[in-house]
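# An overview of the molecular structure
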Amino acid sequence: MSDTEKVWKEVKVNPSKTSAIASSLPSASKIAQILVARGIDTVEKAKEFIYGGVEYLHNPFLFPDMLKAVERLRKALEQKEVILVYGDRDVDGVSSVNIIVDTVRKLGGTIEWYVPADEGYGLNKDVISKYASEKVKILITVDCGISSNKEVDYAQTLGIDVILTDHHEPPCESCPNAYAIINPKTINSNYPFKHIAGCVVALKLAQALVLSFSKEYNKNIILYYAKQNGENFSGRCLSLKNGLEIKKSDFKSIYEAKSDLRAAFKIYVNSSELKDFLIKKDALLGDKVTVIGIAAENIDELKKAYIEKISNEKILKTFYEENLDLCALGTIADSMPLSDENRIIVKEGLRVIKDNPHARPGLGLLLGDAFASKEIENITAKLVSWNITPVINSSGRMHKGKLSVELLMTKDVSKAKELYQEIIKLNENRRYIQSENIKQFKHLLKEQCNPESDKVLIVKASNLDHGVTGIVASQMVKTYAKPVFLFISDGKEATGAVRSVEGFDVVAALESVKDILIKYGGHSQAAGFTLEDSKSDEFIKRICEYADKNLKETPFLNTILIESELKISDITVSYYKQVEMMQPFGIGNLCPVFCIKKATPTEISVFGNRGEYLKFKISQKGSRNATAVFWGNSKLAKFVQSEILLDIAFNIDLTGRRDNKTAQLYVLDIKPSY
């Protein structure tokens, strides 16, 4: 058996909910049980999950300061003011910078951009001062700024209005005194989904700015659902502005709604008969209001149809096609959960990349490497995470993040090739430095920590490159299943990265020692910090004390969640295609795990350059054979040979060439059947 005993937990679901989805959505009948197990337990939820597109994205004007930010940017465009976008140097920040810069330029604005080089994460006063001397009047932060109180105040003293867009945790005492703050995690934010990347926040600002040039911007739009009652109409009236509901009222006759109707810019109604009636009643509406008919059975359906109509208008469709690829990259790179609108953004963004992989020459070059021996149709979040985002990230880790901004921004193929070659060299250097830093930190870990008994692992090094500290910390978390704080001192200051485990909020931990930090910020599971080197010992002592009080010790169980039990006859290309409808897979939407019980193994072999992979056939009571592959577990060949019957936990996968593919088991664990 496997070295580490894994705990299998089989999910139980409500059969009636499964049946309802399977009967209503035949194309998803085979995955209905998995959908229900994941809380997608109604037909409507299943339709949205499988088929939902950009019409399900949340309204950008739900952010409290969005209208204020848009009005300030429109003024800047009209008066030809210089705008600066200041971003982080990782993939999320690089994507965010590109989204804002491209949008503003297409609207005719004058815009500059900056990402940090050696000065570290977040806003920097010297950089702000430099751009103030170049007549910048608006500073838009992307993927940073929520902890930069002093820097924002400084910008304002120089006559710069700061529009702060970020997704990191706000400081507990107060947010910066910016002109506008767009962050789903601020106390006053009613934005319905908090777990979006910085590039999504940037996308929302850019989208709202684009929408401000549509005819319906800031106008009173009425959704008017009514039923005929003799010669009159009664029903419900919704007043919207920028897609947000501002008034709801019921009426018993059309004349009760007269004042609302006359105040409208457009009226969307639920029947052509009602549309004709309103248009003919000149005395009721006058000739200034446009009436549009949309078939709908109730007011909610009318609202949904209206949103879908707006989402499909050219101005928004073009905007999404030009930006969702970047948004997908940033969301995947920042390990955001692939649920709610993140799932739509990544799904649609990957489609944009697949449909036109060379729209951005730099991204096309990255895809060329990633798909050297693969099909572009198979682009997945996993492939992007493993093969593309690390390369884009490498320039920032090596203090040259501007190269990745330019790589994604340029439309010049020759320039893209030059930038690409430079970034590839930086990535090779990054790998070497990462390898060396891992060796150093592992050595120091043994000297400074007790991995068995310490609740958190805190390691201090000197004179190492800190560009890869976050990667090293992530790898150590996987090894030790404990929060890891790594920091590097130059003799005066120490800069660090921290990565955590579920249940321990590292931003809260850093908040507890903020009085000795120069700056800090991040998410509950990943953050960065800077402090004076002289305060390193105090930092270590206080973080350990905080962990003793706040980190609950729980046994680390390697649990496999089984979502459906299958038979050999289910392992088909047809079944795989239904599972594929659940893509993209990642955090928050993991690839489904199945099990087969009492399978007979045959034709056992090992393969790979070093014979490291195990391959075998399985059958059940005379059924056809199915192929099973257990990557990196060839040492279990003797165990498989010794067993008469096996229980197997697996993902379903495809193998073979394009025109001759078959389904196989990608094995996660095996146990003897009892």
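See the structure shown above.
Structural notes, computed from the coordinates. (Residues numbered from 1 in each chain as written. Predicted model: local features only at pLDDT ≥ 70, side-chain atom pairs only at ≥ 80, totals over all residues. Heavy atoms only, no water.)

### Quick notes on the overall build of the protein chain
Put simply, the rule is: Secondary structure counts use DSSP, requiring at least four H or I residues in a row for a helix and at least two E residues in a row for a strand, with both numbered from the N terminus. Radius of gyration: C-alpha atoms only; globule rule: 2.2 Å multiplied by the number of residues to the exponent 0.38. Relative accessibility decides the category of a residue: with a 1.4 Å probe and only protein chains considered, values under 20% of the type maximum give buried, values over 50% give exposed, and everything between is partly exposed. Contacts are residue-level and defined by heavy atoms, with any inter-residue pair within 4.5 Å sufficient. Calculation of accessible area relied on Shrake-Rupley with a 1.4 Å probe; when residues are assessed, cover is drawn exclusively from the protein chains displayed. His is not counted here, nor are the chain ends, while Lys and Arg score as positive and Asp and Glu score as negative. Where a charge sits is defined by one atom per residue type, namely NZ (Lys), CZ (Arg), CG (Asp) or CD (Glu).
Counting its secondary structure elements, the protein chain contains 23 helices and 23 strands. Relative to its length of 674 residues, the protein chain is compact, with a C-alpha radius of gyration of 28 Å against a globular reference of 26 Å. Viewed in the frame of its principal axes, the protein chain has a C-alpha envelope of about 90 × 70 × 55 Å. For the protein chain, the proportion of its 674 residues judged to be buried stands at 52%. Sequence-distant contacts in the protein chain: of pairs separated by 6 or more residues, those separated by 24 or more amount to 64%. Accessible surface, the protein chain: about 31200 Å² in total, of which carbon and sulfur atoms supply 49%. The average position of the 91 basic charges and that of the 87 acidic charges among the side chains of the protein chain differ by 3 Å.

### A few points about unusual backbone geometry
Here the residue pair Gln583 and Pro584 is connected by a cis peptide bond, since its omega of 0 degrees sits within 30 degrees of zero. Mapped onto the elements, Pro584 comes out in the loop between helix H22 (573–580) and strand E19 (594–607). One non-glycine residue, Asn242, adopts positive backbone phi at about 55 degrees. Using a relative accessible area of 14% as the deciding quantity, one classes Asn242 as buried. In the Ramachandran plot, Ser335 falls in the positive-phi region, its phi being about 55 degrees despite a non-glycine side chain. Examined against the element boundaries, Ser335 turns out to sit in the loop between helix H13 (314–333) and helix H14 (340–355). Overall, the relative accessible area of 43% leaves Ser335 in the partly exposed class.

### A closer look at the sheet that holds strand E6 (residues 180–182)
What holds strands together in a sheet is hydrogen bonding between their backbones, with the strands either parallel or antiparallel. Counted only if it meets this: In short, DSSP must find at least two bridges between two strands for them to pair. Fitted lines through C-alpha atoms serve as axes, helices being fitted only where they are in contact, and the angles separating the N-to-C directions of these axes extend from 0 to 180 degrees.
Read across the open sheet, the 5 strands follow the order E3-E2-E4-E5-E6; overall the sheet is parallel. The strands lining the two open edges of the sheet, one partner per strand, are strand E3 (110–114) and E6. Direction aside, the axes of adjacent strands within the sheet are offset by 20 degrees on average. Pairing of strand E2 (residues 82–87) with E3, which is carried by 5 bridges, proceeds in the parallel orientation. Each residue of the ladder has a partner; that of Tyr86, found in E3, is Tyr114. Against the sheet, helix H4 (residues 66–78) makes contact with E2, strand E4 (136–142), strand E5 (161–165) and E6, and its axis sits at roughly 140 degrees relative to E4, the strand it touches most.

### Here's the deal with the packing of helix H5 (residues 91–106) against H13
Rule in force here: Here the word oblique covers every angle except those under 35 degrees (roughly parallel), over 145 (roughly antiparallel) and from 65 to 115 (roughly perpendicular). In this scheme the crossing of two helices becomes right-handed for a clockwise turn of the near helix relative to the far one and left-handed for an anticlockwise turn of less than a right angle. All residues other than Ala, Val, Leu, Ile, Met, Phe, Trp, Tyr, Cys, Pro, Asp, Glu, Lys and Arg, Gly among them, are scored as polar; the first ten of these are nonpolar and the last four charged.
Where H5 contacts H13, the two axes come as close as 7 Å, and the packing angle between them is 165 degrees. Of the possible angle classes, the one that applies to H5 and H13 is roughly antiparallel. Of the two possible hands of crossing, H5 and H13 adopt the one that is left-handed. Residues Val91, Asp92, Ser95, Asn98, Ile99, Asp102, Thr103 and Lys106 of H5 touch H13, and the partners they reach there are Phe319, Glu322, Asn323, Leu326, Cys327, Leu329, Gly330 and Ala333. Taken together, the residues of the contact of H5 with H13 sort by class into 7 nonpolar, 5 polar and 4 charged.

### Quick word on the nonpolar core
Nonpolar side chains in soluble globular proteins tend to be buried together. Heads up, the condition is: What makes a nonpolar core is a set of buried Ala, Val, Leu, Ile, Met, Phe, Trp, Tyr and Cys residues whose side-chain atoms join them at distances within 4.5 Å.
Ranked by internal contacts, the top residues of the largest apolar core, which has 112 residues, are Val85, Ile100, Ile140, Leu205 and Ile388. For this core, the leading source of residues is helix H8 (residues 198–211), giving 11 residues. In this view, Leu205 contacts Met66, Ala69, Leu73, Ile100, Ile140, Ile163, Thr165 and Ile182; residues no more than four positions away in its chain are not counted.

### Points about the sheet that holds strand E12 (residues 457–462)
The mixed open sheet is built from 5 strands, whose spatial order is E12-E13-E14-E16-E15. Looking at which strands have only one partner, the edges of the open sheet turn out to be E12 and strand E15 (517–522). Within this sheet the neighbouring strands show an average axis-to-axis angle of 15 degrees, counted without direction. Relative to strand E13 (residues 484–489), E12 is paired through 6 bridges, and the arrangement is parallel. Note that in E13 the partner of Lys460 across the bridge is Phe487. Against the sheet, helix H18 (residues 413–448) makes contact with E12 and E13, and its axis sits at roughly 120 degrees relative to E12, the strand it touches most. Against the sheet, helix H19 (residues 469–480) makes contact with E12, E13 and strand E14 (493–499), and its axis sits at roughly 150 degrees relative to E13, the strand it touches most.

### Digging into the packing of helix H6 (residues 125–132) against helix H7 (residues 149–157)
Viewed as axis vectors pointing N to C, H6 and H7 meet at an angle of 20 degrees, and their least axial separation amounts to 10 Å. The orientation of H6 with respect to H7, classified from their angle, is roughly parallel. The two elements H6 and H7 meet at a crossing, and its hand is right-handed. Mapping the contact onto sequence places Lys125, Ile128 and Ser129 in H6 and Lys150, Glu151, Tyr154 and Ala155 in H7. For the contact of H6 with H7, the per-class residue count stands at 3 nonpolar, 1 polar and 3 charged.

### Quick word on the packing of aromatic side chains
Here is the rule: Any Phe, Tyr or Trp ring, taking Trp's six-membered ring, that has another such ring centre within 6.5 Å forms a pair; planes under 30 degrees apart are called stacked, those over 60 apart edge-to-face, and the others tilted. Ring-over charges, as used throughout, are those where CZ of Arg or NZ of Lys falls within 6 Å of the ring centre and within 35 degrees of the ring normal.
Scanning the model with the defined rule gives 19 aromatic pairs in all. Ring plane angle 65 degrees and centroid distance 6.0 Å describe the contact between Phe504 and Tyr546, whose orientation is recorded as edge-to-face. With Phe504 in the loop between E14 and helix H20 (506–511) and Tyr546 in helix H21 (residues 536–550), this residue pair connects regions lying 42 residues apart in the sequence. By relative accessible area, Phe504 is classed as buried at 2%. On the accessibility criterion, Tyr546 (18% relative accessible area) is buried. Lys130 extends its terminal NZ or CZ atom over the ring of Tyr131, reaching a point 4.2 Å from the ring centre. Across from the ring centre of Phe49, 3.6 Å away, lies the NZ or CZ of Arg343, which sits over that ring.

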